[in-house]
Amino acid sequence: MSEVFSPGSIQNLVLPNRFVRAATWEGMADDGGAPTERLISAMTALAAGGVGLVITSHCFVSPEGRASMAQLGMHDDSIIEGHRRMTEAVHNAGGRIAAQLSHAGNFADERLTGRPPLVASAFEGLGPTPRKEMTPQDIAGTVAAFAAAARRAKSAGFDAIQIHGAHGFLLSEFLSPAYNRRRDAYGGAIENRARFVLEVYRAIREAVGGAFPVLLKINGQDYIENGLSLGDAIEATRLLEAAGLDAVEVSGGMLTERKLSPVRPWIDTVEKEAYFQEDARAMRKHIRIPLILLGGIRSFEVAERLVQEGTADFISLARPFIREPGLINRWKAGDLRRATCLSDNRCILAGREGKGIYCHNDA
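Reference entry: report on the structure contained in this document. Computed from a predicted model, the values in this text were never measured in an experiment.

Points about the overall build of the protein
Reasoning step 1: Scanning the protein from N- to C-terminus turns up 13 helices and 13 strands.
Reasoning step 2: Scaling as 2.2 N^0.38, a compact globule of 363 residues should have a C-alpha radius of gyration of about 21 Å, and the protein matches this with 19 Å.
Reasoning step 3: When the backbone C-alpha atoms are referred to their principal axes, the protein occupies close to 55 × 40 × 40 Å.
Reasoning step 4: Counting across all 363 residues of the protein, residues that qualify as buried make up 59%.
Reasoning step 5: Put simply, of all contacts in the protein between residues at least 6 apart along the chain, 70% involve residues at least 24 apart.
Reasoning step 6: Only carbon and sulfur atoms are counted for the fraction: they give 50% of the accessible area of the protein, which is about 14000 Å².
Reasoning step 7: Within the protein, one finds 42 positive and 43 negative side-chain charges whose respective centroids are separated by 1 Å.

Here it is, written out as structure tokens:
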């Protein structure tokens, strides 16, 4: 049997295989941020379809960090029961599920939050409306919000937590010199730019305890002018590993970009797959914790090679599971045709239209 179908561990969480469903915004939460029955069914289908670990889409940790309608929340105790119904459904299907915790930062929707988006640094051209540069008090409050959200996630039965530090959301902004122009303890050298993420991690660790898996999603590079460099991403990850981080998922790019975005279109050849693999190889040389890699992986042979050669311990897919939640079971049964996902990104447009993501090619 291929190594990708062998069990793998993240801290004390044993997964049946090396496949992860990367956090993928579904647009299926209710107005309060709780999972709907449609979302619970989608998560259950992934577990039943053979995915080793399902990571939820980003859950806002506080109301001012909300990015969109129909986004999952983890901001209030009243939401715990709805999440518990989802985790129980996934567990009953034989799966494992992690909650991704996030603050949208510059991407926060002022129409929903009623206040200017909080950002690392406010400067001209950052957005169409005024932004609020975070004060030390704002930072401390957000750290506390992440910790409270983590306690809720654990109480709701999630098996792990992932901190969203990629793609231009708030923690990613602090890591990126293109967005972080601060002159205080949170700006300048990477040790300072990573301070906020480290404070979030330590607060979460205190909230959930030492035996609960905590993961981080980070850009290997921002792929923008003056963005987070690979060297700085490695150093930030090393600092978090030293603090006790259990695993890192390597992504890249910012949601504001097209050509080098995290969700690049038309992945129609093997050569276009795994577009963050070189960043992962470089990071692998400097860290010992499990590394999860995503980015346009569509072929079984590519996933197998990445694990066998040691580039990654786990393989993340996102868009392919929208069309084929049972993809992993198909591969395990011997049907090794590449994922049928066309990477046309029409599924994302459906979510933005308020319909929830779905594959138009199967409509």
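A closer look at the packing of helix 7 (residues 195–208) against helix 8 (residues 230–243)
Reasoning step 1: Packing of helix 7 against helix 8 brings their axes to within 10 Å, and their N-to-C directions diverge by 25°. In terms of their interaxial angle, helix 7 and helix 8 are classed as roughly parallel. Crossing geometry of helix 7 relative to helix 8 is assigned as right-handed. Residues Val197, Leu198, Tyr201 and Arg202 of helix 7 pack against Leu239, Leu240 and Ala243 of helix 8.
Reasoning step 2: Grouping the constituent residues of the contact of helix 7 with helix 8 by class yields six nonpolar, no polar and one charged.

Section: the side chain of Asn219
Reasoning step 1: Topologically, Asn219 is positioned in strand 10 (residues 214–219).
Reasoning step 2: At a separation of 3.3 Å, a polar atom in the side chain of Asn219 contacts the main-chain amide nitrogen of His167.
Reasoning step 3: Polar contacts involving the side chain of Asn219 include one to the main-chain carbonyl oxygen of Gly253, which spans 3.0 Å.
Reasoning step 4: Apart from the residues within four sequence positions on either side, Asn219 is in contact with Gly165, Ala166, His167, Ser172, Leu228, Ala233, Ser251, Gly252, Gly253 and Met254.

Things to note about the pattern of salt bridges
Reasoning step 1: According to the stated counting rule, one finds 21 salt bridges in the structure shown.
Reasoning step 2: The shortest N-O distance in the salt bridge between Arg111 and Asp109 comes to 2.9 Å.
Reasoning step 3: On the accessibility criterion, Arg111 (76% relative accessible area) is exposed.
Reasoning step 4: Across the pair Arg284 and Asp313 runs a salt bridge whose closest N-O atoms are separated by 2.5 Å. Here Arg284, found in helix 9 (residues 277–284), pairs with Asp313, found in the loop between helix 10 (300–308) and strand 13 (314–317); they are 29 residues apart in sequence, far enough to count as distant.
Reasoning step 5: Here the residues in one salt-bridge network are Glu278, Arg281, Arg305 and Glu309, joined through shared partners.

Regarding the environment of His83
Reasoning step 1: As for its position among the elements, His83 is in helix 2 (residues 80–92).
Reasoning step 2: Discounting chain neighbours no more than four positions away, the residues touching His83 are Gly33, Pro35, Cys59, Leu72, Gly73, Met74, Ala156 and Phe158.

Considering the layout of surface pockets
Reasoning step 1: Estimates place the volume of the largest pocket at around 1200 Å³.
Reasoning step 2: Surrounding the largest pocket, 43 residues form its lining, Trp25, Leu255, Val263, Ile348 and Arg352 being those nearest its centre.
Reasoning step 3: Where the lining of the largest pocket is concerned, the elements lending two or more residues are strand 13, helix 11 (319–323) and helix 13 (346–352).
Reasoning step 4: Element by element, the count of residues in the lining of the largest pocket is highest for helix 13, at five residues.
Reasoning step 5: Along the lines of polarity and charge, the residues of the lining of the largest pocket split into 21 nonpolar, 14 polar and eight charged.

Brief notes about the nonpolar core
Reasoning step 1: If you look at the biggest cluster of nonpolar residues, it comprises 94 residues, and the most contacted ones within it are Phe19, Met74, Leu101, Phe196, Ile204, Leu291 and Ile315.
Reasoning step 2: Ignoring sequence-local partners within four residues, the contact set of Phe19 consists of Val4, Phe5, Val51, Gly52, Leu53, Ala303, Ile315, Leu317, Ile328 and Trp331.
Reasoning step 3: Listed in part, the 13 residues of the second largest apolar core include Ile10, Leu13, Ala23 and Ile292.

So, unusual backbone geometry
Reasoning step 1: Of note, the phi angle at Gln11 is positive, near 55°, even though the residue is not glycine.
Reasoning step 2: In this structure, Gln11 sits in the loop between strand 1 (8–10) and strand 2 (13–15).
Reasoning step 3: Residue classification places Gln11 among the partly exposed residues on the basis of a relative accessible area of 30%.
Reasoning step 4: At Ala70, a position not held by glycine, the phi torsion is positive, near 60°.
Reasoning step 5: Mapped onto the elements of the fold, Ala70 is located in the loop between strand 5 (59–60) and helix 2.

Reading the values: the criteria
- Along each chain, the written sequence defines residue order, and numbers are assigned to residues from 1.
- Two thresholds apply to this predicted model, a pLDDT of at least 70 for residue-level local features and 80 or more for giving and counting side-chain atom pairs, whereas whole-chain, interface and lining totals are computed over all residues.
- Computation of side-chain values covers all heavy atoms of the structure but excludes hydrogens and water.
- By definition, any uninterrupted DSSP run of H or I lasting at least four residues is a helix, any uninterrupted run of E lasting at least two residues is a strand, and each is numbered from the N terminus.
- Values of the radius of gyration come from C-alpha atoms, whereas the globule rule sets the reference at 2.2 Å times the count of residues to the power 0.38.
- Relative accessible area decides the class of each residue, using a 1.4 Å probe on protein chains only: under 20% of the type maximum gives buried, over 50% gives exposed, and in between gives partly exposed.
- We call two residues in contact whenever any of their non-hydrogen atoms come within 4.5 Å of each other.
- With residues, only the protein chains shown are counted as cover, and all accessible areas are computed by Shrake-Rupley using a 1.4 Å probe.
- By the counting scheme adopted, Arg and Lys are positive, Glu and Asp are negative, and His together with the chain ends is not counted.
- Charge coordinates come from a single atom per side chain, which is NZ of Lys, CZ of Arg, CG of Asp or CD of Glu.
- Here an axis means a line fitted to C-alpha atoms, over the contact stretch when the element is a helix, while the angle between two N-to-C directions is reported on a 0 to 180 degree scale.
- Orientation labels follow simple angle bins: below 35 degrees gives roughly parallel, above 145 gives roughly antiparallel, 65 to 115 gives roughly perpendicular, and whatever is left gives oblique.
- Each helix crossing is assigned a hand: it is left-handed if the near helix lies turned anticlockwise from the far helix by less than a right angle, otherwise right-handed if that turn is clockwise.
- Three categories are distinguished: nonpolar for Ala, Val, Leu, Ile, Met, Phe, Trp, Tyr, Cys and Pro, charged for Asp, Glu, Lys and Arg, and polar for the others, with Gly belonging to the last.
- Throughout this description, a polar contact denotes any pair of N or O atoms lying within 3.5 Å of each other; where both atoms belong to protein, one of them has to be capable of donating a hydrogen while the other can accept it, and for residues adjacent in sequence the pair is counted only when both atoms sit in side chains.
- Only one rule defines a salt bridge in this text: a Lys or Arg side-chain nitrogen within 4 Å of an Asp or Glu carboxyl oxygen.
- Cavities and pockets were defined on a 1 Å grid built from protein atoms only: a cavity is a group of points that admits a 1.4 Å probe but offers it no way out, a pocket is an open group of points flanked by protein on both sides within 12 Å along at least five of seven lines, and a lining residue is one with an atom within 4 Å of any such point.
- Grid points are joined across faces, edges and corners, and a volume is the space filled by probe spheres set on the points.
- The set of buried Ala, Val, Leu, Ile, Met, Phe, Trp, Tyr and Cys residues whose side-chain atoms join them within 4.5 Å is what this entry labels a nonpolar core.

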